[in-house]
Amino acid sequence: MSSVTSNSAAPPERVEPLNPGEEAVVRALHRLIHALPRAIDAELVREQGLPLVEYLTLMNLSEAPGRRLRMSELATACEMSLSGMSRVVQKLEAQGFVQRIRCEQDGRGWNAVLTDAGLARLEQAWPTNLAATRRHFLDHLAGLDLEELAAAMRKIAT
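Quick look at the structure, then.

The rules we used
- Residues numbered from 1 in each chain as written.
- Predicted model: local features only at pLDDT ≥ 70, side-chain atom pairs only at ≥ 80, totals over all residues.
- Heavy atoms only, no water.
- Pairing = 2+ DSSP bridges.
- Helix = DSSP H or I, 4+ residues; strand = E, 2+ residues; numbered from the N terminus.
- Axes fitted to C-alpha atoms, helices over the stretch in contact; angles between N-to-C directions.
- Contact = heavy atoms within 4.5 Å.
- Expected span 1.5 Å × (residues − 1).
- Bend = angle between axes of the 7 residues up to and from the residue.
- Buried < 20%, exposed > 50% of the residue type's maximum accessible area, 1.4 Å probe, protein only.

**What to know about the sheet that holds strand β2 (residues 98-102)**
- Taken in spatial order, the three strands make up an open sheet running β1-β3-β2, and their pairing is antiparallel. In this open sheet, the two strands that pair with only one neighbour each are β1 (68-70) and β2. Across the sheet, the axes of successive neighbouring strands diverge by a mean angle of 25°, strand direction being ignored.
- Of the strands in this sheet, β1, β2 and β3 (110-114) are in contact with helix α2 (residues 52-63), which crosses β3 at around 90°.
- Lying over the sheet, helix α4 (residues 82-94) contacts β2 and β3, oriented at roughly 115° with respect to β2.

Structure, rendered in structure tokens:
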């Protein structure tokens, strides 16, 4: 492992190695970050023909005021790059689930707007997403304090 040098005169802080429990959590988290979305995506594609990224796009738009978000805000909400989000929205637009319209505030940006057909598609796919989320994630958390877990996850994320 490479060493890191610092311009400050303070001695480096001693970093404690992970104990076995910490090590297990960190390793499991790395696997979870990749495995959970893949598992949910596979079920959505198999049962609904709708990839998870498209489901999340429709979901975020359905929760936005007026069912519309600026493309950059939608990309952030879906944890995607703007160019990646543009490709997803373009595909959803071709299916009639989303419309792109110019931003009224500045005329340079674009908003993605969920259509009635897009909302109906989201409602159709929702039970599959819910069942997959329960089966692959929530069912494994039985007996844990979920409010405490959610608070810790929000703290980590911010």
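**Concerning helix α5 (residues 116-136)**
- Over its 21 residues, α5 extends 30 Å from the first C-alpha to the last, a length consistent with the 30 Å expected when each residue adds 1.5 Å.
- Roughly 40° is the biggest bend found in α5, and it falls at A125, with proline P127 one to four residues downstream.
- All of the buried residues in α5 are G118, R121, L122, A125, T128, N129 and A132.
- Where the residues of α5 are buried, they touch α1 (20-48), α2 and β3.

That's the geometry; what it means functionally is another story.
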